[in-house]
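Architecture and fold: a report
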Amino acid sequence: MMIRYMATHPTVTLVESCTGLREIKQIHAQLLINGLLNDPYCLGQFVASIALNHQNNLAYSDQLLDQSHNPTVFALNSMIRAYSRSSTPQRGFQFYNRILQSNTPDNYTFTFLVRSCTQVSSSDAALAVHAAIIKHGSDSNRHVQSGLINMYAELGFLGSARKLFSEIREPDLVSQTAMVSACARCGEVDFAQNLFDEMPYRDPIAWNAMIAGYSQCGRSKEALDLFHLMQMDGAKVNEATMVSVLSACTHLGALDQGKWAHAYIERNKLQMTVTLGTALIDMYSKCGNMSKAMDVFWGMKERNVYTWSSAMGGLAMNGAGEKCLELFSLMKQDGIQPNEVTFISVLRGCCVVGLVEEGRKHFESMTQVYGLEPQLEHYGCMVDLYGRAGRLDDAFNFINNMPMKPHAGAWGALLHACKIHKNMELGELALRNIVELEAKNDGAYVLLSNIYADSKNWDGVSSIRHLMKAKGVRKVPGCSVIEVGGVVHEFFMGDKSHPRYGEIEVMLGEISRRLRLAGYVANTNPVLFDIEEEEKEDALCRHSEKVAIAFGLISLDEGVPIRIVKNLRVCGDCHDATKVISRVFNREIIVRDRNRFHHFKDGECSCKGFW
DNA sequence: CTAGGGTTAG
């Protein structure tokens, strides 16, 4: 018998323009009156149309199919597809079982099923589906093939993905791009680049995959370089390209290039999608221009949970805890459901302004109001919240009462609180726990050593030094980045390789002189810690952020804020010194360290000493 | 009548 497909029934085509369930029900009634739902093709079309156009009313299609005795593969496929794009992709599997009962799965079935496996990230399901694909001979279908590559990459099985790719006879643009993306996502960016180089033709999606690959693994400079190559190649830059470009700027803290990217988006009239807007907000807030970030935020037509969470996270990171909490209220008024990430922002907002009780309430509301299970990160935030507020006992109790094994982050928050509030004993306990979990956590050793140094416990300092040597822990070298004229300059601790180092050195001398004149006395206690170069008093002046600030002072015009991005946390002396520098040089200095922002102005810092 | 590759927050 020949299978004849009918064009979509005119009544069913109306489903597309429905605005809600009520209208869908009206169409349903009409179809019933006309007896059209007895026709499996028409039912299939109806079900598929709801699934395709009305993600929120998937359950309605679900019910319709439950009542139907002979659904078509088309209808069931449509359900697998719809669920594969929903937040509950595993629900699609039941329709596959139904197909197996009375029909034969086809290439479409497997394409959607593979997507579901990718979304649920289950290797059991993935292997079972792959076996079924081979059994039904769908493994020679291009759509299934690239889906499988994507699936294995998502599961981290790059070897399987590569094997599949090598078995494709004549890989086309799509499967090549899938493989490039797979390598990049599994951390094999260089391999991805090789594949990319060998592609006979590259479309914008291929470029995007490669740029995203660099951006996601932290090779931000290379991401931007590739973006420039893409433009020279004449490929059409689109929204997705710019999201990755902005993300690269964010990680570099390269505000000028980020601004340039923003201008590029406007000049080329790219669509300000939710994703792109969110990437812009993230860029501005992590490059220290929070007001611009909020301008973008308020200018957006549509905001999702990512948008709200990024803006809130940015406010918290920039010390505007109250504004972060205000935004949280507005978000709820807007009917956007907060998720786990939102609560990280909320708790950080409470933390930076010391709102302990409010934070505790939000934390409890996670389970009681929103049905969200607090994760390790949330517990870490709570320890931070109690700890910074000086409630070290509460912080310690909180760790002890965690329902899961505390991670190094929780102990690290406690250790940090011990540093702020000068508690040696609890600090020692915290370090012991951290070392048990992460033997090579250099930051933790340094922190405890600094606690010892602050109270002039030189035996303690020296014991830490020996401990680190014995365990082979090396301090990650401090590195500060500053962008001048669109060029990113990197300075490592004690680094003299910069072409203008002579001038920088002169400026460092000038800084020391003027700091001394201002009555500033360096806190040299922690210096004794430095294992490799024990240059003692000079060493502090060579901390990478000071060198970067000196370079900023000689290379940026007066009145231009100096923006620094540092890979570690700012040390106590640099923090104090920078406050004074901002006053005596009358310069705004904005430092992004690995945790948060410091806006130095007129001798004060926005963090008010808590970081 | 359905299908494969690229993009955001911790």
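This one's a predicted model, so the numbers in the text were calculated from it and none came from an experiment.

**Notes on the packing of aromatic side chains**
- Tallying each qualifying case throughout the model produces 17 aromatic pairs.
- Centroid distance Tyr152 to Phe157: 6.4 Å. Interplanar angle 40 degrees. Geometry classified as tilted.
- According to the relative accessible area criterion, Tyr152 is buried, its value standing at 4%.
- Taking the relative accessible area as the measure of exposure, Phe157 reaches 36% and is therefore partly exposed.
- Taken together, Phe363, Tyr379, Tyr386 and Phe398 form an aromatic cluster joined through their ring pairs.
- Here Arg202 stacks its cationic end above the ring of Phe196, 4.9 Å away from the centre of that ring.
- The positively charged end of Arg303 is found above the aromatic ring belonging to Phe297, 4.8 Å away from the centroid.

**Let's talk about the domain arrangement of chain A**
- What the domain assignment lists for chain A is domain 1 (202–302) and domain 2 (479–605).
- For domain 1 and domain 2, the distance between their C-alpha centres works out to 29 Å.
- Contact with domain 1, which involves 14 residues of that partner, is made by eleven residues of domain 2.
- Surface buried jointly by domain 1 and domain 2 totals about 940 Å² across both partners, of which 47% is contributed by carbon and sulfur atoms.
- Here domain 1 and domain 2 share seven residue pairs in polar contact (both at pLDDT 80 or more) between them.
- Listing elements by their share of the side of domain 1 that touches domain 2, those giving two or more residues are α15 (239–252), α16 (255–267) and α17 (274–286).
- Within the side of domain 1 that touches domain 2, the residues separate by chemical class into four nonpolar, seven polar and three charged.

**Comments concerning helix α3 (residues 40–53)**
- The end-to-end C-alpha separation of α3 is 20 Å, in line with the 20 Å expected for 14 residues at 1.5 Å each.
- Of the positions making up α3, those classed as buried are Cys42, Leu43, Gly44, Gln45, Phe46, Val47, Ala48, Ser49, Ile50 and Ala51.
- Its buried side turned inward, α3 meets α1 (10–13), α2 (21–33), α4 (58–67) and α5 (73–84).
- Regarding α3, its N-cap is Asp39, as a side-chain oxygen of that residue lies 2.9 Å from the backbone nitrogen of Tyr41 further along.

**Some remarks on empty space enclosed by the protein**
- The final tally for this structure, using the stated rule, is one cavity of 30 Å³ or more.
- By volume, the largest cavity is sized at about 40 Å³.
- Around the largest cavity, the lining residues are Gly253, Cys287, Arg563, Ile564, Val565, Ile590, Arg592 and Phe597.
- If you list the elements that add at least two residues to the lining of the largest cavity, you get β3 (562–566) and β4 (589–592).

**What about the packing of α2 against α3?**
- Where α2 meets α3, the closest approach of the two axes is 12 Å, and the angle between their N-to-C directions is 180 degrees. In terms of orientation, α2 lies roughly antiparallel with respect to α3. Note on element contacts: α3 touches α2 through Cys42, Phe46 and Ile50, opposite Ile24, Ile27, His28 and Leu31.

**What to know about the pattern of salt bridges**
- Evaluated as defined, the whole model comprises 17 salt bridges.
- The salt bridge involving Glu222 is made with Arg219; its shortest N-O contact spans 2.8 Å.
- Exposure remark for Arg219: the relative accessible area of 25% places this residue in the partly exposed category.
- A salt bridge links Arg391 to Asp394, with the nearest nitrogen and oxygen atoms 2.7 Å apart.
- Taking the relative accessible area as the measure of exposure, Asp394 reaches 29% and is therefore partly exposed.
- Several salt bridges converge on common partners, so that one network encompasses Glu357, Arg360, Glu364, Arg391 and Asp394.

**What to know about the environment of Ser123**
- Mapping Ser123 onto the fold places it in helix α8 (residues 123–135).
- Along the backbone, Ser123 and Gly572 are 449 residues apart, and their C-alpha atoms lie at a distance of 47 Å.
- Residues within four places of Ser123 in sequence aside, it is in contact with Leu155 and Phe157.

**Here we look at the sheet that holds strand β2 (residues 487–492)**
- The six strands are arranged β2-β1-β3-β4-β5-β6 in an open sheet whose pairing can be described as mixed. Of all strands in the sheet, those with a lone pairing partner are β2 and β6 (604–605), marking the two edges.
- Judged from the two bridges that link them, strand β5 (residues 597–601) and β6 form a sheet pairing that is antiparallel. Note on β6: the bridge partner recorded for Lys601 is Glu604.
- The sheet contacts of helix α32 (residues 572–584) involve β4, β5 and β6, and relative to β5 the element is tilted by about 40 degrees.

**Points about the UniProt feature "repeat: PPR" (unreviewed entry) in chain A**
- Summarizing the sequence annotation, UniProt attributes the feature "repeat: PPR" (unreviewed entry) to residues 172–202, 203–237 and 304–338 in the numbering used throughout.
- As annotated, residues 203–237 has a helix share of 74% and a strand share of 0%, and its two end C-alpha atoms lie 10 Å apart.
- As annotated, residues 304–338 comprises 74% helix and 0% strand, and the C-alpha atoms at either end are separated by 10 Å.

**Let's talk about the nonpolar core**
- Of all hydrophobic cores here, the largest spans 162 residues; its most connected members are Phe46, Ile149, Met179, Met242 and Leu414.
- Take this core: its biggest share by element is eight residues, from helix α25 (residues 408–420).
- Residue contributions to this core reach at least three from each of two domains, namely domain 1 (202–302) and domain 2 (479–605).
- When neighbours within four sequence positions are excluded, Leu414 is seen to be in contact with Val383, Leu392, Ala395, Phe396, Ile399, Leu426 and Ala430.
- If you look at the next biggest cluster of nonpolar residues, it comprises 30 residues, including Ile482, Met507, Tyr520 and Ala548.

Rules of the game
- Residues numbered from 1 in each chain as written.
- Chains lettered and ligands numbered in written order.
- Predicted model: local features only at pLDDT ≥ 70, side-chain atom pairs only at ≥ 80, totals over all residues.
- Heavy atoms only, no water.
- Phe/Tyr/Trp six-rings, centres within 6.5 Å; stacked < 30°, edge-to-face > 60°.
- Buried < 20%, exposed > 50% of the residue type's maximum accessible area, 1.4 Å probe, protein only.
- Lys NZ or Arg CZ within 6 Å of the ring centre and 35° of its normal.
- Domains from an automatic or database assignment.
- Contact = heavy atoms within 4.5 Å.
- Buried area = accessible area lost by both parts, 1.4 Å probe.
- Polar contact = N/O pair within 3.5 Å; in protein donor to acceptor, adjacent residues only side chain to side chain.
- Helix = DSSP H or I, 4+ residues; strand = E, 2+ residues; numbered from the N terminus.
- Nonpolar A, V, L, I, M, F, W, Y, C, P; charged D, E, K, R; others polar.
- Expected span 1.5 Å × (residues − 1).
- 1 Å grid on protein atoms, 1.4 Å probe; cavity = no way out; pocket = protein on both sides within 12 Å on 5 of 7 lines; lining within 4 Å.
- Points joined across faces, edges and corners; volume = space filled by probe spheres on them.
- Axes fitted to C-alpha atoms, helices over the stretch in contact; angles between N-to-C directions.
- Parallel < 35°, antiparallel > 145°, perpendicular 65-115°, else oblique.
- Salt bridge = Lys/Arg side-chain N within 4 Å of Asp/Glu carboxyl O.
- Pairing = 2+ DSSP bridges.
- UniProt positions renumbered as here; feature names shortened; annotations may be inferred.
- Core = buried A, V, L, I, M, F, W, Y, C linked by side-chain atoms within 4.5 Å.

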